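Here is how the chains run, residue by residue.
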Amino acid sequence: MSTKLELLTPDNCQLIFIDHQPQMAFGVQSIDRQTLKNNTVALAKAAKLFEIPTTITTVETEGFSGHTYPELLSVFPDLPLLERTSMNSWDDQKVRDALAKNGQKKVIVSGLWTEVCNCSFALSAMEEGGYEIYMVADASGGTSQEAHDYAMDRMVQAGVVPMTWQQVLLEWQRDWARKDTYDGVMAIVTEHSGAYGMGIDYAYTMVHKGAERAAHGPRLDPKPAT
C-alpha cells in the first residue's frame, strides 16, 4: 500500500521553505503576492505550533534575491538560513544533511518559483533521496499562471502530492478534541484564513457571546437624524 495514503501528522513529516525572498516574489504572477506571503507565514506558524522539523533555504541573498521575508523569519528566529548558489536546493549538501537529520521521508514544500526551484528540488529529492513530496501550491508561486500550473502538473505526474496550506494545518489538527493545539489553530485561522477566520470571530462574539479579540474605545450610541 502506498504510504501517500497516510494522512500527514505532526510526527511523520518535515517542512522546507525555499527562496521566500523579495526578488523571487517580484517575479511571481500566478498568485497575488500579498496572499502568497500570508499563506507562507500561516504555514510557518502552523509548523511551529505542531513542532514540525523545518528547514529554510535561500539563494544568492546578497547578490540577487534579497533577504527572506521578515514575517517568516520572526516565526523561526533561531533557524539557520541555508544559503545556496544552485537553483536546485537538492544540489546543496547542507540542505540534504538537514533533511536527513530531520528524519522524516514526507517533505512538505513551500517555495519560489514553482517551475524552477520547487520542481527541480521535488524531482531530485524523490529520485535521489527517496523522499515523498507534498507541494503547498498556494504557498508557492510561478512567473505566470501557466508556469505554475504546468510545473504542478509535471510534479503530480511524477508522484508529488499537491496541497494547500490550510489543508496541511487541518490535517495536522485532525480532531478538534486535541485541545493542546486547538487555540493555536484558531488563532492562525482567524488571522490568516479570510472569510473562515471572520466567521470564527462572528461565531465567538455573536453566537457564543465571547469577548472580542481586540480591545477598542467605547462604542457610542447612534444619534438618528432629525
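Residues numbered from 1 in each chain as written. Predicted model: local features only at pLDDT ≥ 70, side-chain atom pairs only at ≥ 80, totals over all residues. Heavy atoms only, no water.

A. Main features of the overall build of the protein chain. When helices and strands are tallied, the protein chain shows 10 helices and six strands. Projected onto its principal axes, the C-alpha coordinates of the protein chain cover approximately 75 × 40 × 35 Å. Looking at the protein chain residue by residue over its 226 residues, the buried ones come to 46%. Considering only intrachain contacts with a sequence separation of at least 6, the fraction spanning at least 24 residues in the protein chain is 77%. (Helix = DSSP H or I, 4+ residues; strand = E, 2+ residues; numbered from the N terminus. Buried < 20%, exposed > 50% of the residue type's maximum accessible area, 1.4 Å probe, protein only. Contact = heavy atoms within 4.5 Å.)

B. Spotlight on the packing of aromatic side chains. Scanning all chains against the criterion turns up three aromatic pairs. Seen from their ring centres, Trp176 and Tyr182 are 5.6 Å apart, and the 80 degrees between their planes marks the pair as edge-to-face. According to the relative accessible area criterion, Tyr182 is partly exposed, its value standing at 21%. Over the aromatic face of Tyr131 sits the side chain of Lys105, whose NZ or CZ is 4.2 Å from the ring centroid. Here the basic side chain of Lys179 rests over the ring of Tyr182, its NZ or CZ set 4.5 Å away from the ring centre. (Phe/Tyr/Trp six-rings, centres within 6.5 Å; stacked < 30°, edge-to-face > 60°. Lys NZ or Arg CZ within 6 Å of the ring centre and 35° of its normal.)

C. Focus on the sheet that holds strand S5 (residues 132–136). Pairing in this open sheet of six strands is parallel, and the strands run S3-S2-S1-S4-S5-S6 from one edge to the other. Strands with a single pairing partner mark the edges of an open sheet, and in this sheet they are strand S3 (81–84) and strand S6 (161–163). Across the sheet, the mean angle from the axis of one strand to that of its neighbour is 25 degrees, orientation sign disregarded. Two elements, strand S1 (residues 13–18) and strand S4 (residues 106–111), share six bridges in a ladder whose sense is parallel. Residue pairing in the sheet places Cys13 in a bridge with Lys106 of S4. (Pairing = 2+ DSSP bridges. Axes fitted to C-alpha atoms, helices over the stretch in contact; angles between N-to-C directions.)

D. Focus on the side chain of Thr55. Mapped onto the elements, Thr55 comes out in strand S2 (residues 54–59). At a separation of 3.4 Å, a polar atom in the side chain of Thr55 contacts the side chain of Asn102. Ignoring sequence-local partners within four residues, the contact set of Thr55 consists of Leu15, Ile16, Phe17, Leu82, Ala98 and Asn102. (Polar contact = N/O pair within 3.5 Å; in protein donor to acceptor, adjacent residues only side chain to side chain.)

E. View of the pairing of S3. By the alternation rule, side chains of S3 split into Leu82 and Arg84, which are all buried, and Leu81 and Glu83, of which none is buried. As paired elements, S2 and S3 share four bridges and run parallel to each other. Across the sheet, residue Thr58 finds its bridge partner in S3, namely Glu83.

F. Expanded view of the environment of Tyr69. Here Tyr69 shows up in the loop between helix H3 (61–65) and helix H4 (70–73). Separated by 95 residues in the primary sequence, Tyr69 and Thr164 place their C-alpha atoms 20 Å from one another. Non-local contacts of Tyr69, meaning those with residues more than four positions away in its chain, are made with His20, Gln21, Ala25, Leu36, Lys37, Thr40 and Leu112.

G. Representation of the nonpolar core. Core analysis: the biggest nonpolar cluster contains 37 residues, and Phe17, Leu43, Ile108, Leu169 and Trp172 have the highest contact counts within it. Elements that contribute at least two residues to this core include exactly S1, helix H1 (22–26), helix H2 (33–49), S5, helix H8 (165–173) and helix H9 (179–192). The contacts of Leu169, once residues within four sequence positions are left out, are Ala46, Phe50, Val185, Ile188 and Val189. Counting residues in each nonpolar core, the second largest holds 21 residues, with Leu99, Val109, Ala125 and Met126 among its members. (Core = buried A, V, L, I, M, F, W, Y, C linked by side-chain atoms within 4.5 Å.)

H. Expanded view of the environment of Thr61. Take Thr61: it is sitting in helix H3. A sequence separation of 40 residues divides Thr61 from Gln21, and the C-alpha atoms of the two residues are 7.9 Å apart. Non-local contacts of Thr61, meaning those with residues more than four positions away in its chain, are made with Gln21, Gly66, His67 and Glu83.

I. How the structure looks around the packing of H8 against H9. Where H8 meets H9, the axes come as close as 11 Å, and the angle between the chain directions of the two elements is 165 degrees. With respect to their mutual orientation, H8 and H9 come out roughly antiparallel. Note that H8 runs across H9; the crossing there is left-handed. In this structure, H8 uses Trp165, Leu169, Leu170 and Gln173 to contact H9, whose residues at the interface are Thr181, Tyr182, Val185, Ile188, Val189 and His192. Of the residues contributing to the contact of H8 with H9, the split by class is seven nonpolar, three polar and no charged. (Parallel < 35°, antiparallel > 145°, perpendicular 65-115°, else oblique. Left-handed = near helix turned anticlockwise from the far one by under 90°. Nonpolar A, V, L, I, M, F, W, Y, C, P; charged D, E, K, R; others polar.)

J. Seen up close, the environment of His192. Its place among the elements puts His192 in helix H9. C-alpha separation for the pair His192 and Lys37, spaced 155 residues apart in sequence, amounts to 10 Å. If near-sequence neighbours (up to four positions away) are discounted, His192 is found in contact with Asn38, Val41, Ala42, Lys45 and Trp165. Within the structure, the side chain of His192 is placed 3.0 Å from the side chain of Lys45, a separation counted as a polar contact.

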